[in-house]
Amino acid sequence: MVKIGVLGLQGAVREHVHSIEASNAEAIVVKRIEQLEEVDGLIIPGGESTTMRRLIDKYSFMEPLRDFANSGKPMFGTCAGLIILAKNIVGHDQPHLGLMDITVERNSFGRQRESFEAELVIPNIANDFVGVFIRAPHIVEAGEDVEVLAKHNNRIVAARQGQYLGCSFHPELTDDHRFTKYFVQMVEESKEKNLV
Ligand code: GLN
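Owing to the predicted nature of the structure, the values given are computational and were not obtained by experimental measurement.

1. Considering the site of the ligand
Logical step 1: Every residue near the ligand is listed here: Gly46, Gly47, Glu48, Ser49, Cys79, Ala80, Ile83, Arg106, Asn107, Ile134, Arg135 and His170.
Logical step 2: At 3.0 Å from a nitrogen atom of the ligand is found a main-chain nitrogen or oxygen belonging to isoleucine 134.
Logical step 3: Split into classes, the residues belonging to the shell around the ligand amount to four nonpolar, five polar and three charged.

2. Comments concerning helix α3 (residues 62-70)
Note on helix geometry: an α-helix contains 3.6 residues per turn, so any two residues three or four positions apart are oriented the same way.
Logical step 1: Within α3, the full set of buried residues consists of Met62, Pro64, Leu65, Phe68 and Ala69.
Logical step 2: Buried-residue contacts for α3 involve β1 (3-7), β3 (41-44), α2 (49-58), β4 (75-78) and β12 (164-167).

3. A word on the pattern of salt bridges
Logical step 1: Evaluation of the coordinates by the stated rule reveals nine salt bridges.
Logical step 2: Glutamate 48 is paired through a salt bridge with arginine 106; the nearest N and O atoms lie 2.7 Å apart. With glutamate 48 in the loop between β3 and α2 and arginine 106 in the loop between β6 (100-105) and β7 (115-122), the pair connects residues that are 58 residues apart, well separated along the chain.
Logical step 3: Residue classification places glutamate 48 among the partly exposed residues on the basis of a relative accessible area of 30%.
Logical step 4: A salt bridge links arginine 135 to glutamate 114; the nearest nitrogen and oxygen atoms lie 4.0 Å apart.

The rules behind the values
- Residues numbered from 1 in each chain as written.
- Predicted model: local features only at pLDDT ≥ 70, side-chain atom pairs only at ≥ 80, totals over all residues.
- Heavy atoms only, no water.
- Near = heavy atom within 4 Å.
- Polar contact = N/O pair within 3.5 Å; in protein donor to acceptor, adjacent residues only side chain to side chain.
- Nonpolar A, V, L, I, M, F, W, Y, C, P; charged D, E, K, R; others polar.
- Buried < 20%, exposed > 50% of the residue type's maximum accessible area, 1.4 Å probe, protein only.
- Helix = DSSP H or I, 4+ residues; strand = E, 2+ residues; numbered from the N terminus.
- Contact = heavy atoms within 4.5 Å.
- Salt bridge = Lys/Arg side-chain N within 4 Å of Asp/Glu carboxyl O.

By themselves, these are just geometric observations and shouldn't be taken as functional.
Dropping the structure here:
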């Protein structure tokens, strides 16, 4: 069984733990840097990206997270976590981790639609996935190596680039764990590759 960490500094942490466990993997909440060594993959949850960044800096997580990425292990950013992973953020001079070749725009579905649910078609994963969007970002631009996994109203809301997976919505907030399972599979495949 693979072990997946959820960065536990801020945001929807518990819900991800539940979703990982429901997807037949072991979950731990990562609150200390050393815990990164124990996990085969990492989820950066939704929450508030500027607050999360402040805590990442406060607890000196920036370099350890970059080292984790350099080790090739899979990382999955949801909502605020997607913003933390992105190389470019509209209106910001600097990214946070700047790992995934995408440009994101924060809070981009407008005020009237602070939160909403939408049925998404995610080919090969789920044809009828209910995405929960909460002050969600969207992906404005994706680099050549980025595979677009889902769109909503013509906006990219889920994508993968090799070891990185990201989505605008909260896949951990419903009982449908198919998107989390997709990440668990990425982690299983990466662990197998490292063993041979
Ligand atoms: N609006 C938040 C941000 O910009 C993200 C919201 C979320 O994670 N649900 O960080």
